[in-house]
Amino acid sequence: MRIGYLFLALLCSLPTQALTLNRLISDGAVLQRHHNIPLTGTTDATTVKVWLNNSLIGETTAHDQQWSISLPAHEAGGPYTLKIEAEHEAANETEAPLIIQDVYFGDVYLASGQSNMELPMARVQEAYPDDVNYANYPLIREFTVPDEYRFDGENQQYSSGQWLSATPAHIARLSAVAYYFARELHLSGGVPVGIVNASLGGSPIEAWMAREILTDYPDDIAAGDYFANPSNVEATQQQEQAAQQAWYAALNEQDKGLTGTPWYTPALNDKDWQSLSLPGDLPGSEAGFAGVWWLRKHVFLAELPTEPLTLRLGRIVDADEAYVNGHKVGNTTYQYPPRSYTVPVSALQKGDNVIALRVISNGGSTGFVPDKRYYLGNDKARISLQGDWKYKVAAKTSNTPSTTFIRWKPMGLFNAMIAPATQFPISGVLWYQGESNASRPADYRDKLTAMISHWRARWQQPQLPFFIVQLTNFMQRYAVPTDSSWAQLRDQQYKSTELGNTALIVTLDIGEWNDIHPVNKKEVGHRLALAAKKLVYQHQVTYTGPEVDGISTDGSAVIISFSSAEGGLHANTSLRNSFAIAGEDGKFYWANARLSGDKVILQHPDVPQPVKVRYAWADNPAAGLYNRAGLPAPPFEHSINR
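Residues numbered from 1 in each chain as written. Predicted model: local features only at pLDDT ≥ 70, side-chain atom pairs only at ≥ 80, totals over all residues. Heavy atoms only, no water.

K.L.:
Any details on unusual backbone geometry? Residues and values, ideally.
P.N.:
For the bond running from Gly78 to Pro79, omega is 5 degrees, close enough to zero to count as cis. Looking at where Pro79 falls in the secondary structure, it is placed in strand 6 (residues 77-88). Omega for the bond connecting Leu278 with Pro279 falls within 30 degrees of zero, at 0 degrees, which places this linkage in the cis form. Locating Pro279 in the fold gives a position in the loop between strand 12 (274-278) and strand 13 (290-301). Non-glycine residue Ala616 carries a positive phi angle of around 55 degrees. With respect to the helices and strands, Ala616 occurs in the loop between strand 34 (612-615) and strand 35 (625-626). (Helix = DSSP H or I, 4+ residues; strand = E, 2+ residues; numbered from the N terminus.)

Below, the structure written as structure tokens:
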């Protein structure tokens, strides 16, 4: 009898596994139509049965607490309810079923890359208010993959995440690029569209690559392997966090603006402060400045407003705290987000109001980015904040201690954010990444094509359509032709389309010179949708801009013919600084350009025998060449065979 009790106690002490299902198949899921869908999960039961809208799909026996069954292919439509039951044979009992509701079959796309893919609709609301305020597309849904990494193996499941619909309650959280892409496809095809958004700001391509395709890059593998050891992660984070905390604590202690009478105090006498015209940089900071500086401005309000106002401060390098009449109204910890702070009525007063800003610079040039919005007000009336401000440096120190972004290390994001999705069929991949590789573009094509081939193999879809968003225009424009690592990276992206069933989405004309996160995500989504209509749905649409089809010479003239130029080429500028040609000396000159049907004819008096030609070859080029469909030509560099 004691043996029986001992055996029963042993059974009771064994770990149990509740009935689970892969998190991607949860309430509101969109599943890929026309494909069998694997249902996998865990249980400590013996038998698992699956119903779809009360029809038994099948049953399976669990092995080692794992179960799997295939959901047959369906046409687009829904809603469906999945019911999953686990039966314990020994105990002759059935636990509470797992119910998944509001499931649709449609087309599913993976959206991946870095911050321009991650950027949510909330960030473009000012540019497209109606698209956010009146969005109501319940059959466009997004599953945002949690931002996680792993280096010692692949995850089979996501730790969290839910499907959210493109409706007022959720639209602000959805990827802007993916939403505009999905909306166009949904409206044109009437099919539910699901987006699996696995993107992370700042991530390099190596983070999205698996170990087996990094064998030619041992340094990348070593960098990931180092953080496969949890103690190395913990030690690195502890050391760097301590250094960061110490730096900020010392900076706060040194900040004269926080000692005595704080410099955000309205009554502070700032007559001895220097003047600065905003937007602009702290004078002298172009050589590098680490520390704190403050700014103050008096603003007159004829009447006390009845509603809160918006304090719009463009973009600030690097971090800031904003005060109105001594009340802190907002802060931002790094340079990229637009500054938009709500000022409550209680912080305002009729007559004179004082705006004070505390700006922290981590060690480079610091200031206020031009060509952005700077105002206090609302949609009815605004007071410009451009022009004269008072400023004063409060503390100088050494540069901010460096930070190791462990989540960006090679292999980590593939293992945690991509691998769990590879068992589910999809219609295609939207890839918007490259800014973090622009300083080292030489091997980008090799890595991207290897990644595409590997992802296709893992999804067991050898022709999986892959849409590559090319880097947009960014940074200062130069008066003379120059080389550009951003142009080289764009060229690497273009050459990656040598793989079949890929498309390049050119965005050279819709960026912002002063913002790495341009807001025109609607056009990016539209151009992606055009490519999907062609490659996925086989529609007869023009989805690419003009591409070089041949180059010849006639004396000193360079003649470039283009494909995808039906009806002739079109220029929306003079093309004066768009094309450059060089002779044997390698010196480039802006070429005089003339359009003739599907050809561009180039000449320059100082280049009698051109040997090389470039188009839109710069960080922020003057790119004005289009086809009649309104799509831009990609940048290029070609040698000329004479």
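Here the narrative resumes, following the displayed structure.
K.L.:
Hey, could you go over the packing of helix 4 (residues 176-189) against helix 10 (residues 521-535) for me, with residue numbers and the actual values?
P.N.:
Direction vectors running N to C along helix 4 and helix 10 enclose 50 degrees, while the axes themselves pass 7 Å from each other. Judged by the inter-axis angle, helix 4 sits oblique to helix 10. As helix 4 runs across helix 10, the sense of the crossing is right-handed. Residues Ala176, Val177, Tyr180, Phe181, Arg183, Glu184, Leu185 and Ser188 of helix 4 form the contact with helix 10, whose own contacting residues are Lys521, Lys522, Val524, Gly525, His526, Leu528, Ala529, Ala532 and Lys533. Within the contact of helix 4 with helix 10, the residues separate by chemical class into nine nonpolar, three polar and five charged. (Axes fitted to C-alpha atoms, helices over the stretch in contact; angles between N-to-C directions. Parallel < 35°, antiparallel > 145°, perpendicular 65-115°, else oblique. Left-handed = near helix turned anticlockwise from the far one by under 90°. Contact = heavy atoms within 4.5 Å. Nonpolar A, V, L, I, M, F, W, Y, C, P; charged D, E, K, R; others polar.)

K.L.:
Now, about the layout of surface pockets: what can you tell me, with residues and values included?
P.N.:
Rolled over the atoms, a probe as big as a water molecule pinpoints where empty space is left. Reported here for the largest pocket is a volume of approximately 1200 Å³. As for the largest pocket, its lining consists of 36 residues, of which Gly201, Tyr334, Tyr336, Arg407 and Trp408 are closest to the centre. Looking at the lining of the largest pocket, the elements that each hand over two or more residues are helix 2 (115-118), strand 11 (193-199) and helix 6 (230-254). When grouped by side-chain class, the residues that make up the lining of the largest pocket number 11 nonpolar, 18 polar and seven charged. Taken as a whole, the second largest pocket encloses approximately 710 Å³ of empty space. Lining the second largest pocket are 27 residues; nearest its centre among them are Arg123, Glu126, Ala127, Arg312 and Arg373. At the level of secondary structure, the elements contributing two or more residues to the lining of the second largest pocket comprise strand 14 (309-313) and strand 21 (374-377). (1 Å grid on protein atoms, 1.4 Å probe; cavity = no way out; pocket = protein on both sides within 12 Å on 5 of 7 lines; lining within 4 Å. Points joined across faces, edges and corners; volume = space filled by probe spheres on them.)

K.L.:
Report on the sheet that holds strand 14, specifying residues and quantitative values.
P.N.:
Spatial strand order, 18-14-21-22: four strands in an open sheet with antiparallel pairing. At either end of the open sheet lies a strand with only one pairing partner, and these are strand 18 (340-343) and strand 22 (382-384). Each strand of the sheet is rotated relative to its neighbour by a mean of 25 degrees, with strand direction disregarded. With four bridges connecting them, strand 14 and strand 21 associate as antiparallel partners. Directly across from Arg312, in strand 21, lies its bridge partner Tyr375. (Pairing = 2+ DSSP bridges.)

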